[in-house]
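# Breakdown of the fold
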Amino acid sequence: MSVMREELHHLVDRLPEEKVAPLLRLVRDQLEEPPVVRDLPFIGMLEAEPDFAERSEEILRAEDNHSL
C-alpha cells in the first residue's frame, strides 16, 4: 500500500462519525460506480402441521379472499 493510501486510512479512522457519510459519498462519486443496494431476503419461521406445504396454495387463496 502506498504512503498516501496509508495516510488516508489513518485520517479517515480519526474522523468523527458524523463526517464519515459525506466523505463516503465523495469517494463513491469519484469511483463512478452505481451505489450498492442491499436487498436482504425475508427470513421467517413458522410452525405448522406436516401437510402445510401441500395446502399452502389453498391457505393463501383463503387469506386473499378473507382480506377483501
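The present account deals with the structure reproduced in this document. (Residues numbered from 1 in each chain as written. Predicted model: local features only at pLDDT ≥ 70, side-chain atom pairs only at ≥ 80, totals over all residues. Heavy atoms only, no water.)

## A short note on the overall build of the protein
On a plain count of helices and strands, the protein comes out with 3 helices and 0 strands. For the protein, the computed accessible surface area is about 7500 Å², with 57% contributed by carbon and sulfur atoms. (Helix = DSSP H or I, 4+ residues; strand = E, 2+ residues; numbered from the N terminus. Areas by Shrake-Rupley, 256 points an atom, 1.4 Å probe, with all protein chains shown as cover.)

## Notes on the layout of surface pockets
The space that makes up the largest pocket amounts to roughly 320 Å³. What lines the largest pocket is R5, L8, H9, V12, V20, L23, L24, V27, Q30 and L31. Elements with a contribution of two residues or more to the lining of the largest pocket: α1 (3-14) and α2 (20-31). By residue number, the principal contributor to the lining of the largest pocket is α2, which donates 6 residues. For the lining of the largest pocket, a count of residues per class yields 7 nonpolar, 2 polar and 1 charged. (1 Å grid on protein atoms, 1.4 Å probe; cavity = no way out; pocket = protein on both sides within 12 Å on 5 of 7 lines; lining within 4 Å. Points joined across faces, edges and corners; volume = space filled by probe spheres on them. Nonpolar A, V, L, I, M, F, W, Y, C, P; charged D, E, K, R; others polar.)

## Here we look at α1
Under the 1.5 Å per step criterion, the end-to-end length of α1 is 17 Å for 12 residues, consistent within 8% with the ideal 16 Å. Taking burial as the measure, the 12 residues of α1 include 0 buried ones, a minor fraction of the element. (Expected span 1.5 Å × (residues − 1). Buried < 20%, exposed > 50% of the residue type's maximum accessible area, 1.4 Å probe, protein only.)

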